[in-house]
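# Structural description and commentary
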Amino acid sequence: MKEMNGIKIRKELLDEYQEIIQKGNLSIKLAIIQIIENEACNLYIRNKEKYAAQVGIKTEVTLLEKDTKEIEVIELIEKLNQDPTVTGILLQSPVPEHIDFQKCTEKIAIEKDVDGLTKENLFSIRNHQEKILPCTVAGILKLLEYYQIPIEGKNVAIIGRSNLVGRPLEDALINRNATVFLCHSKTKNLKEITKISDIVISAAGVPNLITKDMVKKDFIGIDVGMNLVEGKLVGDFAKDIEEKASYLTPVPGGVGPMTVAMVIHNLIELKNGMK
Ligand code: NAD
């Protein structure tokens, strides 16, 4: 089994991105809106700040009060849309219940949609006209590309149908000529589907969901899940699944580092598009 090392690839990509930014003398700023302050959100944001700074990208985090009204979030987004110094805008999820995440996300100008989560952007992927890929989706594709794993003609099972991961991943893989099975919590015959899949990508957030008996020999496993079990970060794959894998992403150290690298990638794409 070969481990797909997201940390190593992130380092190589960030070196490459730093060079592009320096050579192009690109002035890039990421605006992050945070409403919920908890350990996970703080960590995600700190990570984005850290790697952005490493390649010479500025980050500006606006921390809003928990009781901020939806209209105030929208007004802030609209202000950032107008700010020529801002390259990309990111609304950190989750947001409080009284705020509609998708409604606010829709207000982000498409040329600043660094997460690629506006309807217009998601539709462009579905419509075979990819602009920006959501960062986790882009990260998964980069991992496959790095290890020269072909996608065309392969059976791929995706577990999880969120707008953040599963749905845009389905579209992006179909655009690359894979046969995709999009599975979710109501899928009845998950094992039958994963068993015939060359690549299994799990983004359900359920520990031990995918077990050794559910996959075929030499399958390729991408574990997107991030679950805290007894204080330890684990994915959706059971540990002994590695016996049957040809390639596998570790958790942590697989998809997670790729996601943050793709934030930087998308910012450069947006900057180039804005020239
Ligand atoms: P979500 O809760 O929006 O979606 C989960 C999906 O999994 C749903 O579509 C649901 O139908 C499906 N699901 C749940 N239980 C299932 C089951 N028993 N069988 C089959 N399908 C089931 O979550 P999300 O935002 O898409 O994130 C999914 C997981 O990926 C989480 O653990 C999250 O932390 C992780 N994640 C990791 C990264 C990363 O960079 N590594 C990025 C995004 C999300």
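Placed above this text is the structure.
Not measured: the values here are computed from a predicted model.

Reading guide: rules and limits
- Along each chain, residue indices are assigned from 1 in the same order as the chain's sequence is written.
- Reporting of local features is limited, given that this is a predicted model, to residues whose pLDDT is at least 70; pairs of side-chain atoms are given and counted only at 80 or more, and all residues count toward the totals for whole chains, interfaces and linings.
- With hydrogens and water stripped out, all remaining heavy atoms of the structure feed into the side-chain values.
- Helical segments are the DSSP runs of H or I of at least four residues, strand segments are the runs of E of at least two, and each set is numbered from the N terminus.
- The globule rule used here is 2.2 Å times the number of residues to the 0.38 power, and the radius of gyration it is set against is calculated over C-alpha atoms.
- Three labels apply to residues, based on accessible area from a 1.4 Å probe with only protein chains included: buried if under 20% of the type maximum, exposed if over 50%, partly exposed otherwise in between.
- By this definition, two strands are paired if DSSP reports at least two bridges between them.
- Handedness of a crossover: with both strands directed away from the viewer, a clockwise path from the first strand across the helix to the second marks it as right-handed.
- Residues are treated as being in contact if the distance between any of their heavy atoms lies within 4.5 Å.
- For helices, the axis comes from a line fit to the C-alpha atoms of the stretch in contact; other axes are also lines fit to C-alpha atoms, and the angle between any two N-to-C directions lies between 0 and 180 degrees.
- Here, proximity means that at least one heavy atom of the residue falls within 4 Å of the molecule or strand.
- Contacts described as polar in this section are N or O atom pairs within 3.5 Å, which, within protein, must combine one atom able to donate a hydrogen with one able to accept it, while residues neighboring in sequence count only if both atoms come from side chains.
- The Shrake-Rupley method, run with a 1.4 Å probe sphere, supplies the accessible areas, and residue values consider only the shown protein chains as cover.
- Just to be clear on terms, a salt bridge is a Lys or Arg side-chain nitrogen sitting within 4 Å of an Asp or Glu carboxyl oxygen.
- Only four residue types enter the tally: Lys and Arg on the positive side, Asp and Glu on the negative side, with His and both chain ends excluded.
- Expected span, for any helix, means 1.5 Å times one less than how many residues it has.
- Here the arc refers to the set of directions running from the helix axis out to each C-beta atom.
- Patch membership is restricted to residues that have no salt bridge and whose relative accessible area is over 30%. Joining uses 9 Å for like charges and 5 Å for the nonpolar side chains Val, Leu, Ile, Met, Phe, Trp and Tyr.

## Describing the overall build of the protein chain
Of the regular secondary structure elements, the protein chain holds nine helices and eleven strands. Radius of gyration (C-alpha) of the protein chain: 19 Å, near the 19 Å computed for a compact globule of 275 residues. Overall, the C-alpha framework of the protein chain stretches about 50 × 45 × 40 Å when taken along its three principal axes. For the protein chain, with 275 residues in total, the buried portion stands at 50%.

## Examining the pairing of strand S5 (residues 155–159)
For S5, the tally of buried residues reaches five of five residues, placing the bulk of the element in the interior. Where burial is concerned, the two faces of S5 agree: the one with Asn155, Ala157 and Ile159 and the one with Val156 and Ile158 are both buried. Bridge analysis of S5 against strand S6 (residues 179–183) gives five bridges, and the strand direction is parallel. For Ile159, the partnering residue across the bridge sits in S6 and is Cys183. Read as a crossover between parallel neighbours, the route from S5 over helix H7 (residues 166–175) to S6 is right-handed. Both S5 and strand S7 (residues 199–202) contribute to a ladder of four bridges, which runs parallel. The residue bridging Val156 from the neighbouring strand is Ile199, located in S7.

## Digging into the sheet that holds S7
Reading across the sheet, the six strands line up as S1-S11-S8-S7-S5-S6 and stay open at both edges, with parallel pairing between neighbours. Pairing within the sheet leaves two strands with one partner each, and these edge strands are strand S1 (2–3) and S6. Bridging between strand S8 (residues 219–223) and strand S11 (residues 245–248) involves three bridges; their strand directions are parallel. Within S11, the residue paired with Gly221 across the bridge is Leu248. The strands that H7 touches are S5, S6 and S7; relative to S6, the one it contacts most, it runs at about 170°.

## Looking at the site of the ligand
Around the ligand, the structure places 21 residues, and the nearest of them are Arg161, Ser162, Ser185, Met226 and Thr259. The separation between an oxygen atom of the ligand and a polar main-chain atom of Arg161 is 2.8 Å. Out of a free accessible area of 850 Å², the ligand has 71% covered by protein chains. The greatest single-element share of the shell around the ligand, amounting to three residues, is contributed by helix H9 (residues 255–274).

## Looking at the pattern of salt bridges
This model, assessed by the stated rule, comprises twelve salt bridges. Ionic pairing is found between Arg126 and Asp171, a salt bridge with its closest N-O pair at 2.8 Å. Placement of Arg126 in helix H5 (residues 119–126) and of Asp171 in helix H7 is noted, with a sequence separation of 45 residues between them. On the basis of relative accessible area, Arg126 is assigned to the partly exposed category, the value being 43%. Overall, the relative accessible area of 10% leaves Asp171 in the buried class. Of the charged contacts in the structure, one is a salt bridge between Asp213 and Lys191, with a shortest N-O distance of 3.2 Å. Separated by 22 residues along the polypeptide, Asp213 in the loop between S7 and S8 and Lys191 in helix H8 (residues 190–195) bring together distant segments of the chain. Here Lys191 falls in the partly exposed class, since its relative accessible area comes to 41%. Each of the salt bridges in this network shares a partner with another, and the network as a whole consists of Arg126, Glu170 and Asp171.

## Some details on the side chain of Lys271
Locating Lys271 in the fold gives a position in helix H9. It turns out Lys271 is buried and unbridged, and the closest side chain with the opposite charge, Asp83, is 10 Å from it. Setting aside anything within four residues of it in sequence, one finds Lys271 in contact with Leu26, Ser27, Ile28 and Thr87.

## Here's the deal with helix H3 (residues 70–82)
Helix length check: H3 (13 residues) gives 19 Å between terminal C-alpha atoms against 18 Å at 1.5 Å per residue, within 8%. All buried positions along H3 are accounted for by Glu70, Val73, Ile74, Leu76, Ile77, Leu80 and Asn81. End-on view of H3: buried residues confined to an arc of 160°, all on one side of the axis. Exposed and facing more than 90 degrees away from the buried side of H3 are Lys79 and Gln82. Tucked inside the fold, the buried residues of H3 contact strand S2 (29–34), strand S3 (58–63), strand S4 (88–91) and helix H4 (101–106).

## A short note on a nonpolar patch on the surface
On the surface, a cluster of nonpolar side chains totalling about 380 Å² of accessible area is made up of Tyr44, Met226, Leu228 and Leu233. Taking relative accessible area as the criterion, Leu233 reaches 31% and is therefore assigned partly exposed.

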